[in-house]
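# Examination of the molecular architecture
Next come the chains, spelled out residue by residue.
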Amino acid sequence: MHDSPILHVGGLNIDLSIFLPIIVTFLITFILARLAVRNLSIDKPSKLQNFMEWVVDFVHNLVASAMPLSKAKPFVGLGMTLIMFIFIANILGLPFAFVLEYDRPVDLFGFTLVSPDMLEKAHEAGEHVAFNFWKSPTADISVTLGLALVVFILIHFLGLKNNRKHYLKHYLEPYPVFLPLNIIEQIARPVTLAIRLFANIFAGEILIGVILMASWASIPMLAVWQGFSLFVGGIQAFLFTMLTMVYISTAAVHEEAH
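Just so it is clear, the structure is predicted and the values come from calculations on it, not from any experiment.

A few words now on the packing of aromatic side chains. Per the stated rule, a full pass over the model turns up nine aromatic pairs. Seen from their ring centres, W54 and F58 are 5.7 Å apart, and the 15° between their planes marks the pair as stacked. You can see W54 and its partner F58 sitting in helix α2 (residues 47-66), four residues apart, about one turn around the helix. Both rings, one in Y167 and one in Y171, keep their centres 5.3 Å apart while their planes meet at 85°; by these two values the pair is edge-to-face. Judged on exposure class, the residue Y167 and its partner Y171 are both buried.

Spelled out as structure tokens, the structure:
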């Protein structure tokens, strides 16, 4: 496994192997969404339009399974964004890795990427300075924690905005003494969302790296594992979106829905 390229900008450490794929993930998600709504036709829908209509129906049914049908419509857009973005991020590192080796100091955008000290330490260890610039964004815990934090803030904002009385009362159920446990439960939800997504995608990419280091005879196994990783990526995107909708329903949908 190769190290990740880190840019030290001020007090921040920017991992380029995560930053660049996140930008690509955003662009692919945005372009797909724009293409899907361009030149819409009732009589002769394009293949992309038919596919996106199927995705919309799938996400609508997913959201409706977590809350009353009458409350589901406002959250379909959120579900579409989550499931598309996470699925694309999950599989982005499958096709290839982009590894560069360096034998001299390198500056990037005015910041040091490869320092003389790094080259000296690598030389003493009999190794090269090599960075992998490309992997799935969700194979990094900081990305999945960021996604989970956004969901966490949204859930509690909607709970306070749409269903304040029941939302606050929920922390005291079944008895007020359970308040600390209910707070811990709320904090644990985004943590488990983040760790579940990260662990599955990270483990898949580690295994791909191990297979690649084996031999050319492992190529058929690599193809099989990449196909399985597509399935895992889809399942993890589905689970993250599904649990998000369940948590939103618990916090923001009126009491009679529970």
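For the pair α2 and helix α9 (residues 219-252), the least separation of the axes is 8 Å and the interaxial angle reads 40°. Relative to α9, the element α2 is oriented oblique. For the pair α2 and α9, the sense of crossing is right-handed. In contact with F58, L62, V63, S65 and A66 of α2, α9 contributes F238, T241, M242, M245, V246 and S249.

If you trace the backbone, Q186 turns up in helix α8 (residues 179-212). Those residues in contact with Q186 that sit more than four places away from it in its chain are F152, H156, H170 and Y171.

Note that I83 resides in helix α4 (residues 76-91). Taking the C-alpha atoms as reference, I83 lies 25 Å from L222; in sequence the two are 139 residues apart. Not counting residues up to four positions away in its chain, the partners in contact with I83 are F58, V59, A237, F238 and T241.

Let us now look at the pattern of salt bridges. Any two side chains of opposite charge can pair, so long as their charged atoms come close to each other. In the structure shown here, the tally under the stated rule is one salt bridge. In this structure, R189 engages E185 in a salt bridge whose closest nitrogen and oxygen atoms are separated by 3.3 Å. On the criterion of helical spacing, the pair formed by R189 and E185 is a turn pair, its members being four residues apart in helix α8. Overall, R189 belongs to the buried group, its relative accessible area being 14%.

The next subject is α2. The terminal C-alpha atoms of α2, which comprises 20 residues, lie 29 Å apart, in line with the 28 Å expected from a rise of 1.5 Å per residue. Within α2, burial applies to Q49, M52, V55, V59, L62, V63 and A66. Buried residues in α2, looked at end-on, bunch into an arc of 145°, giving them a common side. The outward face of α2, more than 90 degrees from its buried face, is lined by the exposed residues K47, W54, N61 and S65. Buried residues in α2 make contact with α1 (16-36), α3 (69-72), α4 and α9.

With that settled, the discussion passes to the pairing of strand β5 (residues 111-114). Relative to β5, strand β4 (residues 106-108) runs antiparallel, the two being bridged by three bridges. When the bridges of β5 are listed, D107 appears paired with T112. With antiparallel pairing between neighbouring strands as the criterion, β4 and β5 make up a hairpin whose turn holds two residues, including F109 at a positive phi of roughly 55°.

So, about the nonpolar core. Among the nonpolar cores identified, the biggest contains 37 residues, and F240 and I248 are the most heavily contacted of them. If you list the elements that add at least two residues to this core, you get α2, α4, α6 (141-162), α8 and α9. By residue number, the principal contributor to this core is α9, which donates eight residues. For F240, the residues in contact, after removing those within four places along its chain, are L82, I86, L147, A148, V151, L193 and L197. By size, the runner-up hydrophobic cluster in this structure holds ten residues, among which are V114, L119, A122 and F133.

All right, on to the packing of α6 against α9 then. Between α6 and α9, whose axes approach to 8 Å, the crossing angle comes to 25°. Between α6 and α9, the angle falls in the class roughly parallel. Where α6 crosses over α9, the handedness of that crossing is right-handed. Residues L147, A148, V151, L154, I155, L158, G159 and N162 of α6 form the contact with α9, whose participating residues are F240, T244, Y247, I248, A251 and A252. Across the contact of α6 with α9, the residue classes tally to eleven nonpolar, three polar and no charged.

Before going further, it helps to spend a moment on the layout of surface pockets. Counted as a void, the second largest pocket has a volume near 310 Å³. Lining the second largest pocket are 13 residues, and of these F51, V55, I83, M84 and F87 lie nearest its centre. Every element with two or more residues in the lining of the second largest pocket is listed here: α2, α4 and α9. Tallied by class, residues from the lining of the second largest pocket come to twelve nonpolar, one polar and no charged.

What counts, and where the lines are drawn
Residues numbered from 1 in each chain as written. Predicted model: local features only at pLDDT ≥ 70, side-chain atom pairs only at ≥ 80, totals over all residues. Heavy atoms only, no water. Phe/Tyr/Trp six-rings, centres within 6.5 Å; stacked < 30°, edge-to-face > 60°. Helix = DSSP H or I, 4+ residues; strand = E, 2+ residues; numbered from the N terminus. Buried < 20%, exposed > 50% of the residue type's maximum accessible area, 1.4 Å probe, protein only. Axes fitted to C-alpha atoms, helices over the stretch in contact; angles between N-to-C directions. Parallel < 35°, antiparallel > 145°, perpendicular 65-115°, else oblique. Left-handed = near helix turned anticlockwise from the far one by under 90°. Contact = heavy atoms within 4.5 Å. Salt bridge = Lys/Arg side-chain N within 4 Å of Asp/Glu carboxyl O. Expected span 1.5 Å × (residues − 1). Arc of directions from axis to C-beta. Pairing = 2+ DSSP bridges. Core = buried A, V, L, I, M, F, W, Y, C linked by side-chain atoms within 4.5 Å. Nonpolar A, V, L, I, M, F, W, Y, C, P; charged D, E, K, R; others polar. 1 Å grid on protein atoms, 1.4 Å probe; cavity = no way out; pocket = protein on both sides within 12 Å on 5 of 7 lines; lining within 4 Å. Points joined across faces, edges and corners; volume = space filled by probe spheres on them.

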